[in-house]
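Summary of the model geometry
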Amino acid sequence: QVQVVESGGGLVQPGGSLRLSCAASAGIYSATAMGWYRQSPGKQRELVAGIIGGRVTEYADSVRGRFTIGTQNVKNTVYLQMNSLKPEDTAVYYCKQRIRGADYWGQGTQVTVSS
């Protein structure tokens, strides 16, 4: 069974930074796509940033230039570097990884941007 776990959320002041990480336990299998999503109360879940096949990266217009998605050398590990944070970035952030044709979601990590 594949398990996905996010970490790194917390409380930060406007203009500050956070780094989220996501790891999937999938044995010998590698993710073919990875993405970060977020959802705030009363709003739909939205794509923040994504990687497909390790070659294509996309960002939501609202975070482009401030957030960076990337991978480390550890298999099925993806991070989201969040800079110049704004109050409107406050949300639960979710990680999704596609492994062997199926999508797996983490439980989410809370990010709160407030003074």
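Let us look at the structure shown here. (Residues numbered from 1 in each chain as written. Predicted model: local features only at pLDDT ≥ 70, side-chain atom pairs only at ≥ 80, totals over all residues. Heavy atoms only, no water.)

In total, this model carries one aromatic pair according to the counting rule given. Above the plane of the ring of Tyr79 lies Arg19, whose end atom (NZ or CZ) is 3.8 Å from the centre. The side chain of Arg45 reaches across the aromatic face of Tyr94, ending 3.8 Å from its centre. (Phe/Tyr/Trp six-rings, centres within 6.5 Å; stacked < 30°, edge-to-face > 60°. Lys NZ or Arg CZ within 6 Å of the ring centre and 35° of its normal.)

What follows concerns the environment of Ser40. Here Ser40 is to be found in the loop between strand 4 (31-39) and strand 5 (46-52). Ser40 sits in the buried class, given a relative accessible area of 17%. Placed 67 residues apart in sequence, Ser40 and Gln107 show a C-alpha to C-alpha distance of 14 Å. (Helix = DSSP H or I, 4+ residues; strand = E, 2+ residues; numbered from the N terminus. Buried < 20%, exposed > 50% of the residue type's maximum accessible area, 1.4 Å probe, protein only.)

We now examine the pattern of salt bridges. One pass over the structure, following the stated rule, counts five salt bridges. Among the ionic pairs, Arg38 bridges to Glu46, the shortest N-O distance being 2.8 Å. Given a relative accessible area of 7%, Arg38 falls into the buried group. Relative accessible area serves as the criterion here: at 33%, Glu46 is assigned to the partly exposed category. For Lys96, the salt bridge is made with Asp103, and the minimal N-O distance between the two is 3.8 Å. According to the relative accessible area criterion, Lys96 is buried, its value standing at 16%. A network of salt bridges, in which partner residues are shared, links Arg38, Glu46, Arg66 and Asp89. (Salt bridge = Lys/Arg side-chain N within 4 Å of Asp/Glu carboxyl O.)

Further remarks concern the side chain of Arg66. Position of Arg66 relative to the elements: it lies in the loop between strand 6 (56-59) and strand 7 (67-71). Within the local environment of Arg66, its side chain forms a polar contact with the backbone oxygen of Ser62, the two atoms lying 2.8 Å apart. Beyond its immediate stretch of four places on either side in the chain, Arg66 contacts Gln81, Met82, Asn83, Ser84, Leu85, Lys86 and Asp89. (Polar contact = N/O pair within 3.5 Å; in protein donor to acceptor, adjacent residues only side chain to side chain. Contact = heavy atoms within 4.5 Å.)

Considering the arrangement of structural elements, one finds Gln97 in strand 9 (residues 91-99). Residue Gln97 is classed as buried on the basis of its relative accessible area of 0%. Separated by 46 residues in the primary sequence, Gln97 and Ile51 have C-alpha atoms spaced 9.6 Å apart. Filtering out sequence-adjacent residues up to four positions away, Gln97 remains in contact with Cys22, Ala23, Ala24, Ala31, Ala33, Met34, Asn76, Val78, Ala102, Asp103 and Tyr104. Of note is the side chain of Gln97, whose polar atom sits 3.2 Å from the backbone oxygen of Asn76.

All right, on to the nonpolar core then. Membership of the largest hydrophobic core comes to 29 residues, with the highest contact counts inside it found for Trp36, Val48, Phe67, Ile69, Leu80, Met82 and Tyr93. For this core, the secondary-structure elements that each account for two or more residues are strand 3 (18-25), strand 4, strand 5, strand 7, strand 8 (77-82), strand 9 and strand 11 (109-113). Apart from residues no more than four positions distant in its own chain, Val48 is found in contact with Trp36, Tyr37, Arg38, Glu58, Tyr59, Ala60, Val63, Phe67, Leu80 and Tyr93. (Core = buried A, V, L, I, M, F, W, Y, C linked by side-chain atoms within 4.5 Å.)

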